[in-house]
Amino acid sequence: MFDIFSYSFMQYALIVGVLVSLCAALLGVLLVLRRYSMIGDGLSHVGFGALSVAYALSMAPMALAVPVVVVSAFILLGMSESKKIKGDSAIAVLSSSALAIGVVANSIAGGSASDLGGYLFGSILTLKKSDVILSAVLSLVVILLFVLFKNRIFAVTFDMPFAKSAGVHVKVYNMLLALLIALTVVVGMQIVGTMLISSLIIFPALSAMQIADSFKGVIILSAVISIFSFVVGLLVSLTLPAGAMIVLCNLAVLLVCTVIGKIIKR
């Protein structure tokens, strides 16, 4: 079975998938703790809208999707901190609006954007070398920034009032977190698609929380689970949709971890 990794398309898929899975796992823990799990889903809809507009205008898809999703993440963060529009409402407003724009743009283009299917449901086995380079660079940027500023990001995540009193620039690190999430969502769209990217972010974190009893333990276990689920999903998806199989593997691990967690508690 492992002989399939001798093919370049599988090597590309493995490189990008492992990096994105790691990014998703690290950020997923923070999002679940902040009760902001569905931001990935909201930003993925924004990504779909941006991609649809890019195809309608004959532009490079990622060149438009990256800045649009990043800006949307900042806007979403600002809306969620508003007293009038809370987090779930902000996600609903932004995601539904972007999805509607994407549908209209695709309709204006005559519905000819056939390549959108790859972004909707994932196209990791069709990655080109240029896609791998871009995805790897963005993923490494996310991991590097996360490692460099993890202590301040953790402080803002766990106790925002304390972080403010300690002199931490909360808005700056909230914006940094939004940037990291946006980049992860954009890159992850190529793996499992815009419709399934939120599961790649949420499932490993939830699985780890069923077993680990410390923050560090949750982070490490989430990363291991995410990469494991990706590799297994990729291996069993030779005749099935890769993105969907990766998500189903994450779901299976979540169910197993839930059972193990209950046994441990007893």
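Residues numbered from 1 in each chain as written. Predicted model: local features only at pLDDT ≥ 70, side-chain atom pairs only at ≥ 80, totals over all residues. Heavy atoms only, no water.

A.B. asks: How do you make sense of the environment of alanine 105 when you look at a structure like this?
C.D. replies: By the element assignment, alanine 105 lies in helix H4 (residues 87-108). Judged by relative accessible area, alanine 105 falls into the buried class, the value being 10%. Residues alanine 105 and alanine 54 lie 51 residues apart in sequence; the distance between their C-alpha atoms is 8.8 Å. Not counting residues up to four positions away in its chain, the partners in contact with alanine 105 are Ser52, Val53 and Ala56. (Helix = DSSP H or I, 4+ residues; strand = E, 2+ residues; numbered from the N terminus. Buried < 20%, exposed > 50% of the residue type's maximum accessible area, 1.4 Å probe, protein only. Contact = heavy atoms within 4.5 Å.)

A.B. asks: Explanation requested: helix H2 (residues 39-56) in the structure shown.
C.D. replies: Two residues of an α-helix separated by three or four positions point the same way, owing to the 3.6 residues in each turn. Helix length check: H2 (18 residues) gives 26 Å between terminal C-alpha atoms against 26 Å at 1.5 Å per residue, within 8%. Of all 18 residues in H2, 14 are buried, a share of seventy percent or more. Following H2 by one or two positions, serine 58 has its phi on the positive side, about 60°. (Expected span 1.5 Å × (residues − 1).)

A.B. asks: What am I meant to see in the packing of helix H7 (residues 150-158) against helix H9 (residues 170-192) here?
C.D. replies: At a closest axis distance of 10 Å, the pairing of H7 and H9 adopts a crossing angle of 105°. Between H7 and H9, the angle is such that the two are roughly perpendicular. Residues Arg152, Ile153 and Val156 of H7 form the contact with H9, whose own contacting residues are Val170, Tyr173, Asn174, Leu176, Leu177 and Leu180. (Axes fitted to C-alpha atoms, helices over the stretch in contact; angles between N-to-C directions. Parallel < 35°, antiparallel > 145°, perpendicular 65-115°, else oblique.)

A.B. asks: Hey, could you run me through the side chain of serine 229 in this one?
C.D. replies: Position of serine 229 relative to the elements: it lies in helix H11 (residues 215-235). For serine 229, a relative accessible area of 0% gives the class buried. Separated by 3.4 Å, the side chains of serine 229 and asparagine 250 make a polar contact. When residues no more than four places from it in sequence are discounted, the contact partners of serine 229 are Ile246, Cys249, Asn250 and Val253. (Polar contact = N/O pair within 3.5 Å; in protein donor to acceptor, adjacent residues only side chain to side chain.)

A.B. asks: What is the right way to read the packing of aromatic side chains from this model?
C.D. replies: Here the distance between the centres and the angle between the planes together describe a pair of aromatic rings. In the structure shown here, the tally under the stated rule is one aromatic pair. Aromatic side chains phenylalanine 149 and tyrosine 173 sit 6.0 Å apart centroid to centroid with 55° between the ring planes, which places their arrangement in the tilted category. Residue phenylalanine 149 is found in the loop between helix H6 (129-148) and H7, and its partner tyrosine 173 is found in helix H9; the two are separated by 24 residues along the sequence. Residue class for phenylalanine 149 comes out partly exposed when judged on its relative accessible area of 28%. (Phe/Tyr/Trp six-rings, centres within 6.5 Å; stacked < 30°, edge-to-face > 60°.)

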